[in-house]
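What the coordinates show
This is what each chain is made of:
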Amino acid sequence: MIHDKDEARRSRLVAVDSNSEQQAPYGKSVKDTTPLDNSEPEVTHEAEITREQLALGKRLLNWRTLVPLVIVIIALVFVAQKANINPQKTWNAVKNANIFFFLAAFAIYYLSFGLRALRWKYLLENVGFKPENGIHLPKYRKLVEIVYISFFANVVVPAKLGDLYRAYLLRQEINVSTTRSFGTVLAERLLDLIVLLLLFIPAILISLHQNMPPQLAIGMQILLVAVAIGVVGLFVLRLAREPIARLVPARFREQYYHFQEGTLGSFRRLPRLAVLTIGVWGCEALRFFFIALALNLIGGNIFHILAASIFIGLGEALLTVIPATGGGIGLVEGGMAAMIALFYTGADLVNQTTAAILLDRIISLFSILVIGFIVFIVAFSKKAARSTK
């Protein structure tokens, strides 16, 4: 009975979102606070995020973006010199890598964007973005494009701006609440973190056995605490919805309701979401697995190579969570070097490790920069052309 009331409430809320936003001027939206006492919804005005607030060019040229990036690049150059990296030997390792395994790594990584878009579609439907509520989501191809552009934004600027940018782009397409859409992105991130750690921890135990460095053990403890805090936060948000709402200033209460609805309402059809999330992180791990095979980087049987690759690939993903620089530049490279050193037993560790990092970042960073920029320009050129008609 409670589930039916929640579903009915969600449908009313989404329907009001759709109908009212279509009549609102750009940058504003009329929405429903939808109180829990089943009374008539209170109509208020919610200031939506504007294009100027999320302008990538403006953010990229901001000193808060440029200064940390310059510091990190200088630090990388200094470390590279101290580590005695030989460009010629590194290039030889890259040149002799198995091209078919490298292409497999590239393909499996880009498959993850299709899985991410499908998962996001289910999350959006979970919060009521459905035709029966008057909302027609963009076609699957467009959702893939939006997800990809959000990754481009995360590479270009720090602070994970791309996650918020994804919600903004969806609003530009179908004129729905940015706050609620962002709630689904947050729900997606929580799913990612939980599943990632469920894959990451066994990979560590299998690949390192009893040789786990103390620094890594401390890092794992911190991550587990972060997950626990996230799960507890969801329960608090669910159980103390109205007490928390009363603490929120009245002018922001509408955003809070939409954010709460978008986050908690997303966690339906969990088995399907879990399978897709495992698929996403499986692609991330297999990307480095094929890089390792391309360079003969890790010795041992195929299961050891796979476990080590899962550890390194997912460890790299965890490092990108820290919003210090766009794409985790600096943190990712340093972390990967440390993780690869745990498994590499051949000669010329420094240059082989550098080659592996370079090949991996060509896929996960440089290809996003180049292809993402093209997709970004094409998408917004089409948008501008439609708006002038």
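The residue numbering used here restarts from 1 in each chain and proceeds along that chain's sequence as written. Whole-chain, interface and lining totals are the exception, using all residues; otherwise, since this is a predicted model, local features are given only for residues with pLDDT of at least 70 and side-chain atom pairs are given and counted only at 80 or more. With hydrogens and water set aside, each side-chain value is computed from the structure's full complement of heavy atoms.

1. Focus on the overall build of the chain
To be explicit about the condition: A run of DSSP states H or I qualifies as a helix once it reaches four residues; a run of E qualifies as a strand once it reaches two. Both are numbered from the N-terminal end. Each residue is assigned to one of three classes by its accessible area relative to the maximum for its type, calculated with a 1.4 Å probe on protein chains only: buried under 20%, partly exposed between the two thresholds, exposed over 50%. Only heavy atoms enter the contact rule, under which two residues are in contact if any of them lie within 4.5 Å. For the accessible areas, the method is Shrake-Rupley and the probe is 1.4 Å, while residue cover comes only from the protein chains on display.
Across its full length, the chain carries 15 helices and two strands. The buried share of the chain, reckoned over its 389 residues, is 47%. Considering only contacts within the chain whose residues lie at least 6 apart along the sequence, 74% involve residues at least 24 apart. Split by element, the accessible area of the chain, about 19300 Å² in all, is 69% carbon and sulfur.

2. Section: the pattern of salt bridges
Side chains that carry opposite charge are capable of pairing whenever their charged atoms lie near each other. To be explicit about the condition: Only one rule defines a salt bridge in this text: a Lys or Arg side-chain nitrogen within 4 Å of an Asp or Glu carboxyl oxygen.
One pass over the full model with this rule turns up 15 salt bridges. Residues Asp192 and Arg119 are paired through a salt bridge, measuring 2.6 Å at the closest nitrogen-oxygen approach. With Asp192 in helix H8 (residues 178-208) and Arg119 in helix H5 (residues 99-126), the pair connects residues that are 73 residues apart, well separated along the chain. By relative accessible area, which is 4% here, Asp192 ends up buried. Three or more residues joined by partner-sharing salt bridges are found here, namely Arg116, Glu284, Arg287, Glu316, Glu333, Asp360 and Arg361.

3. A few points about the environment of Phe366
Within the secondary structure, Phe366 sits in helix H15 (residues 349-388). A relative accessible area of 41% means that Phe366 is categorised as partly exposed. On a C-alpha basis, the gap between Phe366 and Val155 in space is 9.0 Å, while along the polypeptide they are 211 residues apart.

4. With respect to the environment of Arg119
Note the following rule: N or O atoms closer than or at 3.5 Å make up a polar contact, with two conditions inside protein: a donor-capable atom paired with an acceptor-capable one, and, for residues adjacent in sequence, both atoms drawn from side chains.
Judged by relative accessible area, which is 0%, Arg119 ranks as buried. A C-alpha to C-alpha distance of 6.3 Å links Arg119 and Leu276, two positions 157 residues apart in sequence. In this structure, Arg119 is in contact with Glu188, Asp192, Leu273, Leu276, Thr277 and Val280, ignoring residues within four places of it in sequence. Polar contacts involving the side chain of Arg119 include one to the side chain of Asp192, which spans 2.6 Å.

5. Quick look at unusual backbone geometry
Of note in this structure, Asn296 is not a glycine but carries a positive phi near 50°. Looking at the secondary structure, you find Asn296 in the loop between helix H12 (270-295) and helix H13 (302-320). Taking relative accessible area as the criterion, Asn296 reaches 67% and is therefore assigned exposed. Its identity as a non-glycine residue notwithstanding, Asp348 has a phi of 55°, on the positive side. Checked against the element boundaries, Asp348 lands in the loop between helix H14 (331-341) and H15. Judged by relative accessible area, Asp348 falls into the partly exposed class, the value being 34%.

6. Digging into the confidence of the model for the chain
Note the cut-off: The pLDDT value expresses, per residue, how confident the predictor is, ranging between 0 and 100.
Mean pLDDT over the chain stands at 76; residues scoring 70 or higher make up 68%. Predicted confidence for residues 12-47 stays below pLDDT 50, and this span has 88 contacts to residues more than four positions away or in other chains.

7. As for the packing of H8 against H13
Between two packed helices, both the angle of their axes relative to each other and the distance between the axes serve to describe the pair. Definition in use: All axes are obtained by fitting lines to C-alpha atoms, using only the stretch in contact for helices, and the reported angles, taken between N-to-C directions, cover 0 to 180 degrees. Roughly parallel refers to an angle under 35 degrees, roughly antiparallel to one over 145, roughly perpendicular to one between 65 and 115, and oblique to any angle outside these ranges. In this scheme, a crossing is called left-handed if the near helix is turned counterclockwise away from the far one by less than a right angle; it is called right-handed if the turn is clockwise.
Where H8 contacts H13, the axes come no closer than 8 Å and their chain directions differ by 140°. The angle between H8 and H13 falls in the class oblique. When the axes of H8 and H13 are compared, the crossing they make is left-handed. Residues Leu193, Leu196, Leu197, Leu199, Phe200, Ala203, Ile204, Ile206, Ser207 and Leu208 of H8 form the contact with H13, whose participating residues are His304, Ala307, Ala308, Ile310, Phe311, Leu314, Gly315, Ala317 and Leu318.

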